[in-house]
Amino acid sequence: MTDISMDTMVRVAAHPRRDIGLKARYAAERRFRIYGALAISIGLAFLAIMLITIVSKGYTAFWQTTVTLPINFDEKVIDPSNKRATDPSVLIKANYPKLAENALVAKLGINPDDKPMIRKLKGFLSEGARVQLRDIVAADPSVIGTTRDVNILAAANLDSAFKGQIDLSVEEARRKVSDQQIAWMNKLKADGAMAEHFNTGLFTYGASSRPETSGMGVAIIGSFYMMIIVLLLALPIGVAASIYLEEFAKKNRFTDLIEVNINNLAAVPSIVFGLLGLAVFINFLGMPRSAAFVGGLVLTLMTLPTIIIATRAALAAVPPSIRSAALGLGASKMQMVFQHILPLAAPGILTGTIIGLARALGETAPLLLIGMVAFVADYPKTPFDPATALPVQIYMWANEAERAFVERMSGAIIILLVFLMAMNITAIVLRRRFERRW
Amino acid sequence: MSSLLVLAIVVAIGVVAFFVGRQRAAAHDNGAVKPHSRAHYHGWWAFLLAVLPAILLLAVWTIGSSFYLDRHIHAALPERTADSKVASEALDVSLVKSLAKGLRQLDANTTLPTTFAELQPMLAAKGVALASDTQDYMIPIAVEANAVQSRLGLFGAVITLALSIAGAFYALRQIAPRARARNNVEKLMLWGLLAASTIAILTTVGIVLSMLFQTISFFESVSPMSFFFGTVWDPRFAAAGSGGSQGQFGLIPLLAGTLYIALVALLVAVPVGLMSAVYMAEYASPKVRSVVKPALELLAGIPTIVYGIFAVVTLGPFLRDLSAALTGGSPFIQGQSIFTAGLVMGIMLIPVVSSLSDDIITAVPRAMRDGSLGLGATRSETIKRVILPAALPGIVGAILLTASRAIGETMIVVLAAGVAANLTVNPFEAMTTITVKIVNQLTGDLEFNSPQTLVAFALGLTLFALTLVMNIVALYIVRKYREQYE
């Protein structure tokens, strides 16, 4: 009896084994999971490709080829009629490139009377030699008549050739460096007179039409001014506004209006802030174009919502017990906020501020509209002088055709990214270090 | 006396008042009466009373006197006749003002020549460059204007300082053990906080008003119909003396390009971003999460100019050469194209989509997930049939926010999309966008009253209105959604 019933039971259990498609469902599960992993890999792959292409194009910008030449500060070239005692402008106007050329001719062992040969030297040294030698003489006129070793920048094309970036298999007429110049270059290289040095000019020079003497000096100072202005304006105003909204504001129409405004401003396209700056600060209030001050104001308005949102989150995260304790001990509401809540919220506020500043540092579009796309060769002494900014400098170099400018542009991007990464990592570290779980 | 110097003196008075006030308040505290406020509050109150009204007065006075000076110069200028050498009255006034500014650089006791031709080298020696159409008759007016200005400035400085000192004394006299200095200071602080929070409103008002005024004056020379519905964008250059508008300012090609590129970008960013968010929220181990999340944040922190340069220097040429190799000759993808710009913009937006959707997905209550898994659904079924439908409103909001970012994005399209205003459906050709044209019309030398410049503000207002609507709808949806599960 029992055997039979067992048998039927087994059969009953086995029979309705429907095909519920478990295999297909698990396959779908696996596929879905792979899609997800794929999506993340796509994002990360693009990040990697972008960083790799930029770094591979740009790292050479940090090295610059120079030629060490024994320059003879020949009185006959600098001051042929010996008038410098009465007319100092002679020293400014003198034919300094000639000095460099003479030194190069002597170094390469070219016959000084072989004019066609000397003409081939054109474009070997940078035009910046004029300014460099002039500054040496202007600083110390007693060098005239003496000989001294000077590191002179090679021209941009020679610099590229020296770094091996010019394809020498192309026929001579179609490339920018002649075979003769290459031969000279190799000779100087063998002598040790021509070598790559760390490119300090990239950080110090202003705008220039020649790649080898153009740098980001003006842009770094301009960006620095702007960041200071943003910090000085956006941080206090943002914190004050957040304190009002989070701690004091009653829930009413007016407060709602402010909240909607802030949330919306955080999502307004940045270029609109540029239009605001152009119409209000420059056109209506008559502030100077291209000035870091106006740029700072525009970026402040743009950064404010970011800082306010972060600050409000930080204030809201401080637990009510702290508030009650302070009020219970007899503090006024203002004392409670400024002496207890604000110090506890400070790490969060700082993190938000740094992230806002990093955004402002990388912002380009509004600055284009207020005239920061400018050829500025001299350092801005005050925030009201014409200046450029780091990303704007990158944009301007992107519009240049020469290869050497592309190299500088990539180098500038590396510098900008290093700044931004340093700021972001500081923010992350601050958050990890000081974040409190209540 | 310059306003900056006056300001410095006022602050100095305030600092003195602070210390005196604190000292006096501390002296009152002899234990007989319990003081209401601590000593430094009395100091701060004295500082505020000494500084704030004086600075307000100084600001009003400076603005008022500059208006007065304008009117004064205006009245002094000779009547305009048909043969006036200067183009407009406004230019007249501004020439006199810059002349007056230049004259201030000269030594006080220089005898001034009567003609501008003689004056110019004297000013040039001081490093002052002036417009060459400055007229002889402006010199006495400028001298007079300088005299008026220095009188006004001196008077303003005197009353400002007087007010500051009066304020300080008033506050110092009020000091008494039961005086409510803290309440006064805190009331003022509250007003300060309120003022700071209204800056957001002022910014929005500033944006709308500034663009509205310029747009209205643009519509005086170009009809709104031909702007909003025109299909040709050809603004021409603003040639001097060409008068009115000959260019055509049709919005349609720009709007089409903007939306097309945004669409391509969303087609890249939404699936990839959403899938990565799902993976991060549902599958990734904590270890993977801790590496990938900062990396994606890094992607979000890269400035858009870098993406733009990547598009134009690396990706654009690569796609062009690739397409040339595929057809064995002419490339069908242009160096600057909708596809390139949209693709790179899509990459930029991946972290935006993924971080917004990550928040939304993790906000779906645990119980819904557990319920579905408990009924035997696989993880992917739970995601597809339970979590995503529940999160849908929030995701729609996130996509709207992303779309508004895509529409307003500037640097990528400036570099990678091209400047020709085409109307095309081929994604491999170049099209241009609203933001590109705003930048084009406003970089370089500006003449502020030409329609070629003003059109940028009309474009900006259109862009602002477009993104505003999207943002408000998106924020509304996201907020509603959040409330649903909280």
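Criteria and thresholds
Residues numbered from 1 in each chain as written. Chains lettered and ligands numbered in written order. Predicted model: local features only at pLDDT ≥ 70, side-chain atom pairs only at ≥ 80, totals over all residues. Helix = DSSP H or I, 4+ residues; strand = E, 2+ residues; numbered from the N terminus. Rg over C-alpha atoms; globule rule 2.2 N^0.38 Å. Buried ≥ 20, exposed ≤ 12 C-beta atoms within 10 Å, placed from the backbone. Contact = placed C-beta atoms within 7 Å. Nonpolar A, V, L, I, M, F, W, Y, C, P; charged D, E, K, R; others polar. Pairing = 2+ DSSP bridges. Axes fitted to C-alpha atoms, helices over the stretch in contact; angles between N-to-C directions. Core = buried A, V, L, I, M, F, W, Y, C linked by C-beta atoms within 7 Å.

Chemist: What exactly am I supposed to notice about the overall build of chain A here?
Modeler: Along chain A, the regular secondary structure elements total 19 helices and 3 strands. On C-alpha atoms alone, chain A measures out to a radius of gyration of 33 Å, which is more than a quarter above the 22 Å that the 2.2 N^0.38 rule sets for 438 residues. Its C-alpha atoms give chain A principal-axis dimensions of roughly 125 × 75 × 40 Å. Relative to its full complement of 438 residues, chain A shows a buried share of 42%. Taking the intrachain contacts of chain A between residues at least 6 apart in sequence as the baseline, contacts between residues at least 24 apart amount to 77%.

Chemist: I'm lost on the overall build of chain B in this one. Help?
Modeler: From N to C terminus, chain B includes 16 helices and 2 strands. The C-alpha radius of gyration computed for chain B amounts to 32 Å, which surpasses the reference 23 Å derived for 486 residues by more than 25%, pointing to a less compact arrangement than a globule. Its C-alpha atoms put chain B at 90 × 80 × 40 Å along the principal axes. Within chain B, contacts between residues separated by at least 24 positions form 75% of all contacts whose residues are at least 6 apart in sequence.

Chemist: Even after reading the chapter, I still don't get the interface of chain B and chain A, so can you show me in this structure?
Modeler: When the parts of a complex come together, some accessible area is lost, and that lost area is often used as the size of the interface. Each partner contributes residues to the interface: chain B has 67 residues there, and chain A has 68 residues. Of all the elements, helix H6 (residues 181-221) of chain B adds the most residues to the side of chain B that touches chain A, at 19 residues. A breakdown of the residues in the side of chain B that touches chain A according to their chemical character gives 44 nonpolar, 20 polar and 3 charged.

Chemist: How should I be thinking about the sheet that holds strand S3 (residues 194-198) of chain A in this particular structure?
Modeler: The strands making up a sheet are joined through hydrogen bonds of the backbone, oriented either antiparallel or parallel. Residues and elements named next belong to chain A. Strand order in the open sheet formed by 3 strands is S2-S1-S3, and the pairing between neighbours is antiparallel. One side of each edge strand has no neighbouring strand; the edge strands of this open sheet are strand S2 (147-153) and S3. With direction set aside, neighbouring strand axes in the sheet form an average angle of 40 degrees. The pairing of strand S1 (residues 63-72) with S2 spans 7 bridges and is classified as antiparallel. The partner of Ile71 across the bridge, within S2, is Arg148.

Chemist: Sorry, what's going on with unusual backbone geometry here?
Modeler: For Ser290 of chain A, which is not a glycine, the phi torsion comes out positive at approximately 65 degrees. Inspection of the secondary structure puts Ser290 of chain A in the loop between helix H13 (270-284) and helix H14 (292-317).

Chemist: What is the right way to read the nonpolar core from this model?
Modeler: Soluble globular proteins tend to pack their nonpolar side chains together in the buried interior. Membership of the largest hydrophobic core comes to 191 residues, with the highest contact counts inside it found for Ile394 of chain A together with Val344 and Ile412 of chain B. With near-sequence residues (within four places) excluded, Val344 of chain B lies in contact with Tyr307, Phe310, Ala311, Leu315, Ile412 and Ala416 of chain B. By size, the runner-up hydrophobic cluster in this structure holds 28 residues, among which are Leu69, Ala100, Ala156 and Ala404 of chain A.

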